[in-house]
Amino acid sequence: MASVTLKNIYKSFGYVEVLHNINLEVDEGAFVVLVGPSGCGKSTTLRLIAGLEDATEGEVLINKRVVNLIEPQHRNIAMVFQNYALYPHKNVRENIIFGLKRAKAPKDLINRRLERVSRILELEDLLDRKPAQLSGGQRQRVAMGRAIVRDADVFLFDEPLSNLDAKLRHQMRSEIRRIHREYKTTSIYVTHDQVEAMTLGDKVVVMRDGFIEQHGSPMEIYLKPNNIFVATFIGAPSMNMLDATLFPGFVELEGQKLMLTKRINENDIPLPKEGKKLKLGIRPDFFLDEDIVGKETHLAIIRNAHIDIIEPLGFDRELDVQVGNQALKARLDLRTMAKEGETINLCFDMERAHFFDVGTEKRLSIH
Amino acid sequence: MIGKRSFLQNIFLALAVGSVLFICLFPFIQILSTSLKHQFDWGNPSLIPMKINLEAYRELLGFGKMKDAPIPDTIKRLLDNPLITEKKKDEIISKYRSTGDVFPFPRYFLNTFILSASAASISLILAVFGAYSFSRLRFKGRSTIQRSILFVYMVGGVMLMVPLYQMSVKAGLTKTVWGSLLSLLLIYIIQTLPVSLYMLGNYFRTIPYSLEEAAATDGCSRIEAIFFIILPLSAPMLVTVFVYCFIIAWNEFLFASVFIKQFHDFHTLPLALQSLFVSKNAIWDRIMSASMLTLLPVIFCFMFVMRNLTGGLTAGGVKE
Ligand SMILES: Nc1ncnc2c1ncn2[C@@H]1O[C@H](COP(=O)(O)OP(=O)(O)O)[C@@H](O)[C@H]1O
Ligand SMILES: [Mg+2]
């Protein structure tokens, strides 16, 4: 186990800078997820930690030791590659134990580890096969096995589940959580899938275009996104972003007044007379049907939303509605009697809504 | 269905393929046939010997007794001259009958084998490291070096022969037999290296770099990754390159004829065959069986390569 620190990391390929001033602290035994859209520099960050890329500037520390000049083979990390990178000429067993054999581990230890890992990953019947004889999911499990069989200081996972079907992905997610609970090895996990990020990480780091946009616990990120990008990237369906105008005691949305829970202190946010234009962010899951909850005074209400489409999703139904000129999504539970083509009054807790500056896209702290 | 051939088309195809094959193979069949014929059969146009004669093979491989070379009629007439003493006669006859230097095939075979195998091994080892650095490492002047190596092929061997020989003379290598052999070895290596580098380099490029990265995270240095991952994956190509170099050296005549002509004991097979053709020991079945035996390793090598070239070793390692 070890801690990992990135200090003021810049990385350029030729003239293109792909990482800009990355700072990251990963505590001993933590499970940190790097999440962001494809091409934002997640793999590059991971490869810098592994030593497969050199930082253009800045320091990489493992166990509080600067490792910039240390070769990957001496960093004692284990990595699951985005493309598996299994040794095609070795069978599953040899693939898994290759690292242990290189480290000259005793035979009985190797056998014990192999047995255990192949049991956890359900690879027992595949040990004698070559990678070419495995399905994508099986290969992914072998790649995983090759990493976790070792006594590495840090596990690095690069989108290890991207190639699995939904069911297997879910299963492997639980498996990874269980493995981490058991081994407590410091893990850094890269994914573009925000669900994976939210379910796996103790800490989530959201990246975009080579910048870290926000880091924190999954709940912090979900409930207090720093900016519009994080707010819309995390959570599915993504957060509604509505054009609205802020006044001291209320927000105006398409001519409707939505009351704030408390008046804005005008020293914090200077408000012009005609109000401040901003983005109002509400997650679809936070809407309620007024017909079901009844008149509760502390909730804000969007009235006469016109229902375009209702998608039944089992327990939930997802509504595409139109308020004035703006579209939004709402996820209501199955009690709602709403029908397509009719109108609905949607309630929400104003404390759960976010306000974002139109120019900087940053969240304004109003609550 | 697209690409489905009719019966007639099939027949034509078979005929066409068959005739090309026959034209290609005819010289070899001729060699084989003649090597198995008895003397009375030599002039016979049939490819099938009337009676199989294995004497020549036996003799070359050292199982049988050397056949006496026929004594030319002029010499016979000379021998009939009563003025020549018995002792003198015996001397003349034994000179013609002496079999010691007729054609020590095993010796020539061994010479050629050792020379070709060493050239091929060294060329292969150099090619592995050279091709690896061309395909994986970044250094100043890489592409210039890579291209200039192909210059070796721009100039034909004949033109290089005199300068190369002079270089060896100046270096004092041609004074001894070992020096001459060393020059020859170096020339074979230099001649085969460009293509070896090219073939191996292209093959290495098909091996995903992430396999080496995986090996690095598994604790391998670069050299270890080459030995544990790259080389096993390249086995078919390594065999092919080795065989290519081996055959080039095995069949090479020009340089051998210049550098080691004077050292009879160290002749290679092409050189020895040529001497055999023009010697008094040139008997058809002997010539042809010697040719056949020279061909044999080449044929064997080709079959070996074809079995190994089915390839596909890197399949399944990475997600495409
Ligand atoms: N070896 C490379 N050479 C040049 N550009 C690269 C290289 N590797 C990655 N990049 C660029 O760096 C950016 C980040 O890539 P990457 O870290 O792979 O993104 P992610 O893993 O988040 O999808 C991309 O714009 C990509 O094109
Ligand atoms: Mg990536």
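See the structure shown above.
Structural notes, computed from the coordinates.

What counts, and where the lines are drawn
- Residues numbered from 1 in each chain as written.
- Chains lettered and ligands numbered in written order.
- Predicted model: local features only at pLDDT ≥ 70, side-chain atom pairs only at ≥ 80, totals over all residues.
- Heavy atoms only, no water.
- Contact = heavy atoms within 4.5 Å.
- Buried area = accessible area lost by both parts, 1.4 Å probe.
- Salt bridge = Lys/Arg side-chain N within 4 Å of Asp/Glu carboxyl O.
- Helix = DSSP H or I, 4+ residues; strand = E, 2+ residues; numbered from the N terminus.
- Buried < 20%, exposed > 50% of the residue type's maximum accessible area, 1.4 Å probe, protein only.
- Pairing = 2+ DSSP bridges.
- Donors = N, O, S within 2.8 Å, 3.2 Å for Na, K, Ca; no water.
- Axes fitted to C-alpha atoms, helices over the stretch in contact; angles between N-to-C directions.
- Parallel < 35°, antiparallel > 145°, perpendicular 65-115°, else oblique.
- Left-handed = near helix turned anticlockwise from the far one by under 90°.
- Nonpolar A, V, L, I, M, F, W, Y, C, P; charged D, E, K, R; others polar.

**Describing the interface of chain B and chain A**
Of the residues lining the interface, 24 residues belong to chain B; the matching set on chain A comes to 26 residues. Where chain B abuts chain A, roughly 2200 Å² becomes buried across the two surfaces, and 58% of that area is made up of carbon and sulfur atoms. It is Thr217(B), Asp218(B) and Lys319(B) that lose the most area in chain B upon contact with chain A, and together they represent 33% of the buried surface on that side. For the interface between chain B and chain A, the tally reads three salt bridges.

**Quick look at the pattern of salt bridges**
The tally for this structure, following the rule as stated, stands at 23 salt bridges over all chains. Across the pair Arg113(A) and Asp151(A) runs a salt bridge, and its minimum N-O distance is 3.0 Å. One end of the pair, Arg113(A), is in helix α3 (residues 107–120); the other, Asp151(A), is in the loop between α4 (136–148) and β7 (154–158), and 38 residues separate them in sequence. For Arg113(A), a relative accessible area of 17% corresponds to the buried category. Of the residues examined, Asp151(A) reaches a relative accessible area of 57% and is grouped as exposed. Two residues, Arg58(B) and Glu55(B), come together in a salt bridge whose shortest N-O distance is 3.0 Å. With Arg58(B) and Glu55(B) both in helix α2 (residues 55–60) and three residues apart, this pair spans about one turn of that helix. Residue classification places Arg58(B) among the partly exposed residues on the basis of a relative accessible area of 38%.

**Here we look at the sheet that holds strand β14 (residues 276–282) of chain A**
In space, the six strands of this open sheet follow the order β13-β12-β11-β14-β20-β21 (chain A), with antiparallel pairing throughout. Of all the strands in the sheet, just β13 (256–259) and β21 (363–364) of chain A have a single pairing partner and so form its edges.

**A word on the coordination of the magnesium ion (ligand 2)**
The protein atoms that coordinate the magnesium ion (ligand 2) are Ser43(A) (OG) and Gln82(A) (OE1), at distances of 2.0 to 2.7 Å. Taken together, the residues span a long stretch of sequence, with Ser43(A) in helix α1 (residues 42–50) and Gln82(A) in the loop between β6 (77–80) and α2 (92–102) at a distance of 39 residues.

**Points about the sheet that holds strand β18 (residues 326–333) of chain A**
Residues and elements named next belong to chain A. Read from one edge of the open sheet, five strands run β15-β19-β16-β17-β18, paired in antiparallel fashion. The sheet is open, and its two borders are formed by β15 (288–289) and β18, each paired with just one other strand. Relative to β18, strand β17 (residues 316–323) runs antiparallel, the two being bridged by eight bridges. Paired with arginine 317 across the two strands is leucine 332, which belongs to β18.

**Some thoughts on the packing of helix α10 (residues 222–251) of chain B against helix α13 (residues 284–308) of chain B**
Residues and elements named next belong to chain B. The N-to-C vectors of α10 and α13 enclose an angle of 165 degrees; their axes lie 10 Å apart at closest approach. Here α10 is positioned roughly antiparallel relative to α13, judged by the angle of their axes. For the element pair α10 and α13, the recorded crossing hand is left-handed. The segment α10 lies against α13, with Pro236, Val239, Thr240, Val243, Phe246, Ile247, Trp250 and Asn251 engaging Thr294, Pro297, Val298, Cys301, Phe302, Phe304, Val305 and Asn308. Tallied by class, residues from the contact of α10 with α13 come to 12 nonpolar, four polar and no charged.

**Some thoughts on unusual backbone geometry**
All names here are of chain A. Between alanine 236 and the following residue, proline 237, the backbone shows a cis peptide bond with an omega angle of -5 degrees. Along the chain, proline 237 turns up in the loop between α8 (228–233) and β11 (240–246). Positive phi outside glycine occurs at asparagine 8, with the angle close to 45 degrees. Tracing the sequence through the fold places asparagine 8 in strand β1 (residues 4–13). At asparagine 21, a residue that is not glycine, the phi angle is positive and equals roughly 45 degrees. In this fold, asparagine 21 is placed in strand β2 (residues 16–26). Accessibility expressed as a relative area gives 35% for asparagine 21, which makes it partly exposed.

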